[in-house]
Every structure is written in structure tokens, then in C-alpha cells.
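# What the coordinates show
Residues per chain are reported as follows:
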Amino acid sequence: MKVLVVDDDVVSRMVLMHLIDSCGVHDIVEAEDGAAAWEQLEGGLRPSLCFCDLRMPRLSGMELLQKIRSDSTLDAMPLVLVSSANDQDTVRDAVQAGAAGYIVKPFQPEQVRQHIDACFDISALPAEVPRDTLQRLGIDSERLLAYLTGFQGQVGAASEQVDALLARGEPAQARQQLERLHLGCRTLGLHGAEAGMMALLQASVLDGGQIQAALAALARSVAQQARRLRQQEGID
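Small disclaimer: the values here were computed from a predicted structure and weren't measured.

On to the sheet that holds strand β5 (residues 101-104). Pairing is parallel across the open sheet formed by five strands, whose spatial order is β2-β1-β3-β4-β5. With partners counted over all chains shown, the strands left at the sheet margins are β2 (27-31) and β5, one partner each. The sheet shows a mean angle of 20° between the axes of neighbouring strands, direction not considered. By the bridge criterion, four bridges tie strand β3 (residues 49-53) to strand β4 (residues 79-83) in an arrangement that is parallel. Within β4, the position partnered with aspartate 53 by the bridge is valine 82. This element, helix α3 (residues 61-69), spans β3 and β4 of the sheet and lies at about 170° to β4.

Next up on the list: the pattern of salt bridges. Enumeration over the complete set of coordinates arrives at nine salt bridges. In this structure, glutamate 128 and arginine 136 form a salt bridge, with 2.7 Å as the shortest nitrogen-oxygen distance. Salt bridges sharing partners connect three or more residues here, namely Asp7, Asp53 and Lys105.

In the segment running from lysine 105 into proline 106, the intervening peptide bond is cis, with an omega of 0°. The backbone phi angle of arginine 58 is positive, close to 70°, even though this residue is not glycine. Within the fold, arginine 58 resides in the loop between β3 and α3. Owing to a relative accessible area of 56%, arginine 58 belongs among the exposed residues under this scheme.

Attention now goes to the domain arrangement of the protein. Domain boundaries in the protein define domain 1 (3-123) and domain 2 (130-233). On a C-alpha basis, the centroid separation for the pair domain 1 and domain 2 is 23 Å. Summed over both sides, the interface of domain 1 with domain 2 buries roughly 1,000 Å², with 51% coming from carbon and sulfur. Counting every contact that joins domain 1 to domain 2 gives one salt bridge. Of the charged contacts in the structure, one is a salt bridge between aspartate 75 and arginine 227, with a shortest N-O distance of 2.9 Å. On inspection of domain 1 and its partner domain 2, the count reaches one residue pair in polar contact (both at pLDDT 80 or more). Residue assignment for the side of domain 1 that touches domain 2 shows that the elements contributing at least two residues are α4 (88-96) and α5 (109-123). It is α4 that provides the largest number of residues to the side of domain 1 that touches domain 2, a total of three residues. Along the lines of polarity and charge, the residues of the side of domain 1 that touches domain 2 split into seven nonpolar, five polar and three charged.

In the UniProt entry, the feature "modified residue: 4-aspartylphosphate" (unreviewed entry) is given for Asp53. By secondary structure assignment, the location of aspartate 53 is in strand β3.

Residues Leu4, Leu64 and Leu81 are the most contacted members of the largest nonpolar core, which totals 28 residues. The greatest single-element share of this core, amounting to five residues, is contributed by helix α2 (residues 34-42). Other than its neighbours up to four places away in sequence, leucine 64 contacts Gly34, Ala37, Trp38, Leu41, Cys52, Leu59 and Leu79. With 27 residues, the next largest nonpolar core counts Leu148, Val155, Leu181 and Val222 among its residues.

With that settled, consider the side chain of glutamine 225. Tracing the backbone shows glutamine 225 in helix α10 (residues 208-233). A polar atom in the side chain of glutamine 225 sits 2.9 Å from the side chain of arginine 228. Residues contacting glutamine 225, with those up to four places away along its chain left out, are Ala127, Glu128, Pro130, Thr133, Leu148, Leu188 and Leu190.

Each value, and the rule that gives it
- Residues numbered from 1 in each chain as written.
- Predicted model: local features only at pLDDT ≥ 70, side-chain atom pairs only at ≥ 80, totals over all residues.
- Heavy atoms only, no water.
- Pairing = 2+ DSSP bridges.
- Helix = DSSP H or I, 4+ residues; strand = E, 2+ residues; numbered from the N terminus.
- Axes fitted to C-alpha atoms, helices over the stretch in contact; angles between N-to-C directions.
- Contact = heavy atoms within 4.5 Å.
- Salt bridge = Lys/Arg side-chain N within 4 Å of Asp/Glu carboxyl O.
- Buried < 20%, exposed > 50% of the residue type's maximum accessible area, 1.4 Å probe, protein only.
- Domains from an automatic or database assignment.
- Buried area = accessible area lost by both parts, 1.4 Å probe.
- Polar contact = N/O pair within 3.5 Å; in protein donor to acceptor, adjacent residues only side chain to side chain.
- Nonpolar A, V, L, I, M, F, W, Y, C, P; charged D, E, K, R; others polar.
- UniProt positions renumbered as here; feature names shortened; annotations may be inferred.
- Core = buried A, V, L, I, M, F, W, Y, C linked by side-chain atoms within 4.5 Å.

If you want it as C-alpha cells, here you go:
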């Protein structure tokens, strides 16, 4: 497993690299800012996970995230933004832009380990091959694509809905939303995302930050599966 660490502050970069190393991941690549990271990615670097500072010169963490999400060869890579900013709007913007998570400085070892463990879990459970999903459900590719498109919209809407339910003190209703998404993952053969949703549901207390990170990962998984289906079927 290769991890990319991007931060213009050398001390923060070293601290984060040390924490990642202490989690048992020793293949670590560093970049001094977003532009340097993008050069490495364009050159063929394919890390399993990226931790990236939010505010940097030349290319910010959000700008790097947008570039990665718009590149079909990179958009499945989880990127965790790190920053000293912890206001709710910044966190929500990061997750809605496709961040796999958000860590507030100073770094806490358990937060770093959580994202590394999640990356291991999801990578160990790839999504079902689209042709197998078609056969299992007994539908054609047009119908499956419609299911994936509709589910992607449902995931996007759930992000704000679950946040609102938790803010109103209605965790049972929020849990029902997550259970429906978990069922959708199972039906569509999104095994890694299904495992991520199950981990949320098994927690005794729902954590808003973890939910948003899981929903962002789920949205990427659905988009990637739709793209695989189009490639398999030659759909424009």
C-alpha cells in the first residue's frame, strides 16, 4: 500500500508521515504542495490513499481534489483533507467535493489509522463485475445504468438529509436512511461501499464526520461502477 502525503509545511508533513509509518505503512511518498503532487500523479504515481493539506500555495488541497475527481484514471483514489480549520461549512464543502475524510490539525493517531484501515477494508472488497450484476438481477445494461444513476442521486441527497436529522436529534431516522443505502449497495454489488455502510450501522453512536466520509466514498463507488458498465457495454 502506497500513501501520498501533501503539505507545504515540512514539520506537519514529517509528523503525518511518522504517524502513517507507525500504522505499518512504510511506502510513503511526499509532495511539498498540490502542484508537486499533481506532477507526480500525472507522471504515473498511483497511491492507494492521499492525505493532503487544505491551504497551500500554487495548488490548494481543494483544487488538487477537483483535478483528481475529474480524471477518470485517478478519481477512485481516496483523498483525505487535513487542515487547522474545523468549521462545519469547510468540512461539508470538502466532503461534497469528494474528499474521503477531513482531519483537523494537530493530527491524532487514531484518526490517521481509521482512514488507513478503511482503505484496506474497501480495497479488499472490490465491486462486482457489471456483467455479473446484470446476470444476477436479470436486467439489461440500460436498466442497470438507470439504477446506478438514480442511486447516485439518492446518495447525494442523503448527505444533507442525514446531517439535518442528526442536528434535530433524530438518530433513528438517520439510521433508517443509512440502512436503505446499505441495501442499495448490496443490490448493486458495491461490496466495499456495502462494508463501509455496515460499519457505520454497527456503531452505537452515529458520527456525522464518519457518515459524510462514507457517503463520499459511496458516491465515488457508484460513479466508478457506472463508468465500468459503460466501458463494458460500449455505451457513450
